[in-house]
Amino acid sequence: MDVNTELLEYIYQSSEMGVVSLTNLLKDINEKENKLKPIISEELSTYEKYQKESKKLLSKNKAEVKENSMMTKMMSKMGISKEVKKDNSDAAIAHMVIEGFTMGVVDTETKIKNFKKDADKKVLKLAENYLEFQQEAIERLKKYL
C-alpha cells in the first residue's frame, strides 16, 4: 500500500470513529443539561468534514474505503454509554472526549512523522490540518475540566 493511501485511510478511519463516538455521546446526553453539547456538535461536524474529504481523496486515488469494524463501533458506543451513566457532568464528559482527541493527536503525529518525506503534499496538508483540529479541540474542552 502506498503512503498516501495509508495516510488517507488513517484519517478516514480516525474521523469515522470520531463521528461514531460523538454521535453516540450526543444521544446519551440529549436529555441532560450539558453546556458541552454545542461544542461536541461542532467537533462532530468537523469530523464529518474530514471523513468526507479523506473518502473523496481515497476514491480519487482509486483506493478502497475501509471502514472500522462493527465490533469497534459497538465497543465505542458501550464505553461511552457506561461513562455517561457513571458521571454525566461537563467535566467528566470533557475529560473523556479529551482522552479520545489525545489518542488521535499521538497517532496523527506519528503518521505525519512517518510519511512526511514520501506523502503527496495535498494528503500531508490534510493530515496536518486534521492534527491541528484535534489539538484545538483539546484546548477548547480544557475549560470544562
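The following refers to the structure shown. (Residues numbered from 1 in each chain as written. Predicted model: local features only at pLDDT ≥ 70, side-chain atom pairs only at ≥ 80, totals over all residues. Heavy atoms only, no water.)

**Concerning the pattern of salt bridges**
- Counted under the stated rule, the structure contains 8 salt bridges.
- One salt bridge connects Glu6 with Lys111, and the closest N-O pair in it is separated by 3.7 Å. Pair noted here: Glu6 is in helix H1 (residues 3-28) and Lys111 is in helix H4 (residues 90-115), with a separation of 105 residues, a long-range link.
- Assessed through its relative accessible area of 29%, Glu6 is described here as partly exposed.
- Here Lys142 ties to Glu139 by a salt bridge, and the two come within 2.9 Å at their closest N and O atoms. Remark: Glu139 and Lys142 occur in helix H5 (residues 121-142); sequence separation between them is 3 residues, near one turn of the helix. (Salt bridge = Lys/Arg side-chain N within 4 Å of Asp/Glu carboxyl O. Helix = DSSP H or I, 4+ residues; strand = E, 2+ residues; numbered from the N terminus. Buried < 20%, exposed > 50% of the residue type's maximum accessible area, 1.4 Å probe, protein only.)

**Considering H5**
- With 22 residues, H5 should cover 32 Å at 1.5 Å per step; its first-to-last C-alpha distance of 32 Å lies within 8% of that length.
- The complete set of buried residues in H5 reads Val123, Leu124, Leu126, Ala127, Tyr130, Leu131, Phe133, Gln134, Ala137, Ile138 and Leu141.
- On its buried side, H5 packs onto H1, helix H2 (37-60) and H4.
- Its side-chain oxygen 3.0 Å from the backbone nitrogen of Lys122, Asp120 forms the N-cap of H5. (Expected span 1.5 Å × (residues − 1). Contact = heavy atoms within 4.5 Å. Polar contact = N/O pair within 3.5 Å; in protein donor to acceptor, adjacent residues only side chain to side chain.)

Everything listed here is a matter of coordinates, which is why it stays silent on function.
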